[in-house]
Amino acid sequence: TWTNGSGTMTISPNGTFSAVWSSQSQTNALKGTQVFRASDKVLMVYPDNPGGTSANGEKEFRILHVDEHNLVYAVDGQTNSMSR
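Every value quoted in this text rests on a predicted model; they were computed, and no experiment measured them.

Q: Help me understand the side chain of N80 in this model?
A: Of note, N80 is situated in strand β8 (residues 78-83). You can call N80 buried: its relative accessible area is 18%. There is a polar contact of 3.3 Å between the side chain of N80 and the backbone oxygen of Q78.

Q: Looking at this model, I keep getting lost on the packing of aromatic side chains. Mind explaining?
A: By convention here, two paired aromatic rings are described through the distance between centres and the angle between planes. Scanning the entire structure with this criterion turns up 3 aromatic pairs. Ring centres of F17 and F61 lie 5.3 Å apart, and the angle between their planes is 45 degrees; on these two criteria the pair is classed as tilted. Placement of the pair is F17 in strand β3 (residues 16-22) and F61 in strand β6 (residues 59-66), with a sequence separation of 44 residues. No difference in accessibility class separates F17 from F61, as the two residues are buried. Here W21 and F61 contribute two aromatic rings whose centre-to-centre distance is 6.3 Å and whose plane-to-plane angle is 15 degrees, an arrangement assigned as stacked. On the criterion of sequence distance, the pair formed by W21 in strand β3 and F61 in strand β6 is long-range, its members being 40 residues apart. Residue classification places F61 among the buried residues on the basis of a relative accessible area of 1%. Through pairs of rings, three or more aromatic residues link up here, namely F17, W21, F61 and Y73. Sitting over the face of the ring of W2, R84 holds its NZ or CZ atom 4.1 Å from the ring centroid.

Q: Got a minute to help me understand the environment of S23 in this structure?
A: Residue position: S23 is located in the loop between β3 and β4 (27-37). For the pair S23 and G7, spaced 16 residues apart in sequence, the C-alpha separation works out to 8.9 Å.

Reading the values: rules and limits
Residues numbered from 1 in each chain as written. Predicted model: local features only at pLDDT ≥ 70, side-chain atom pairs only at ≥ 80, totals over all residues. Heavy atoms only, no water. Helix = DSSP H or I, 4+ residues; strand = E, 2+ residues; numbered from the N terminus. Buried < 20%, exposed > 50% of the residue type's maximum accessible area, 1.4 Å probe, protein only. Polar contact = N/O pair within 3.5 Å; in protein donor to acceptor, adjacent residues only side chain to side chain. Phe/Tyr/Trp six-rings, centres within 6.5 Å; stacked < 30°, edge-to-face > 60°. Lys NZ or Arg CZ within 6 Å of the ring centre and 35° of its normal.

Without other data, these values stay purely geometric and don't point to any function.
Here it is, written out as C-alpha coordinates:
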(Lines give C-alpha, C1' and ligand atoms only; values in the text may rest on other atoms or scores of the structure.)
Protein backbone atom coordinates (compact mmCIF):
# COMPACT_ATOMS: atom_id res chain seq x y z
CA THR A 1 0.00 0.00 0.00
CA TRP A 2 1.26 3.44 -1.00
CA THR A 3 -0.04 6.81 0.26
CA ASN A 4 0.33 10.54 -0.27
CA GLY A 5 -1.58 13.63 0.86
CA SER A 6 -4.46 12.97 -1.52
CA GLY A 7 -4.86 9.21 -1.66
CA THR A 8 -4.02 5.57 -1.15
CA MET A 9 -3.11 2.90 -3.71
CA THR A 10 -2.92 -0.84 -2.97
CA ILE A 11 -1.24 -3.21 -5.43
CA SER A 12 -1.68 -6.75 -4.10
CA PRO A 13 0.31 -9.88 -5.01
CA ASN A 14 -2.95 -11.70 -5.85
CA GLY A 15 -3.55 -9.34 -8.81
CA THR A 16 -6.07 -6.98 -7.21
CA PHE A 17 -5.77 -3.21 -7.30
CA SER A 18 -7.56 -0.46 -5.40
CA ALA A 19 -7.04 3.27 -5.15
CA VAL A 20 -8.83 6.27 -3.70
CA TRP A 21 -7.88 9.87 -4.53
CA SER A 22 -9.49 12.93 -2.95
CA SER A 23 -9.38 16.59 -3.89
CA GLN A 24 -11.24 19.62 -2.57
CA SER A 25 -14.11 18.99 -4.97
CA GLN A 26 -14.36 15.20 -5.41
CA THR A 27 -13.25 11.70 -4.47
CA ASN A 28 -12.33 9.09 -7.11
CA ALA A 29 -12.08 5.37 -6.48
CA LEU A 30 -10.71 2.67 -8.78
CA LYS A 31 -10.87 -1.04 -8.00
CA GLY A 32 -9.99 -3.90 -10.29
CA THR A 33 -7.40 -6.34 -11.55
CA GLN A 34 -3.80 -5.33 -12.26
CA VAL A 35 -1.12 -6.74 -14.54
CA PHE A 36 2.44 -5.38 -14.74
CA ARG A 37 3.98 -5.17 -18.24
CA ALA A 38 7.71 -5.37 -17.48
CA SER A 39 8.69 -4.59 -21.08
CA ASP A 40 7.60 -0.93 -20.74
CA LYS A 41 7.14 -0.62 -16.93
CA VAL A 42 3.38 -0.11 -17.17
CA LEU A 43 0.89 -1.31 -14.57
CA MET A 44 -2.32 -2.05 -16.48
CA VAL A 45 -5.47 -1.85 -14.38
CA TYR A 46 -8.70 -3.42 -15.61
CA PRO A 47 -11.47 -1.84 -13.50
CA ASP A 48 -14.33 -3.82 -12.03
CA ASN A 49 -16.55 -0.90 -13.09
CA PRO A 50 -14.98 0.79 -16.16
CA GLY A 51 -16.82 4.13 -15.82
CA GLY A 52 -14.39 7.04 -16.13
CA THR A 53 -11.69 5.03 -17.89
CA SER A 54 -10.66 4.80 -21.55
CA ALA A 55 -12.98 3.25 -24.12
CA ASN A 56 -11.55 -0.24 -23.56
CA GLY A 57 -11.77 0.09 -19.77
CA GLU A 58 -8.02 0.01 -19.15
CA LYS A 59 -6.04 2.45 -17.01
CA GLU A 60 -2.27 2.74 -17.54
CA PHE A 61 0.05 3.64 -14.67
CA ARG A 62 3.58 4.19 -16.07
CA ILE A 63 6.06 3.35 -13.30
CA LEU A 64 8.87 5.94 -13.31
CA HIS A 65 10.57 4.84 -10.08
CA VAL A 66 9.86 2.29 -7.37
CA ASP A 67 11.86 1.11 -4.37
CA GLU A 68 11.02 -0.16 -0.88
CA HIS A 69 9.82 3.30 0.24
CA ASN A 70 8.79 5.33 -2.83
CA LEU A 71 6.60 4.99 -5.90
CA VAL A 72 6.61 7.58 -8.70
CA TYR A 73 4.18 7.01 -11.56
CA ALA A 74 2.44 8.85 -14.39
CA VAL A 75 -1.26 8.49 -15.15
CA ASP A 76 -3.52 10.66 -17.32
CA GLY A 77 -0.58 12.95 -18.16
CA GLN A 78 0.21 13.72 -14.53
CA THR A 79 3.22 12.55 -12.49
CA ASN A 80 2.46 11.48 -8.91
CA SER A 81 4.52 10.20 -6.01
CA MET A 82 3.54 8.05 -3.05
CA SER A 83 5.40 6.49 -0.15
CA ARG A 84 5.05 3.84 2.49
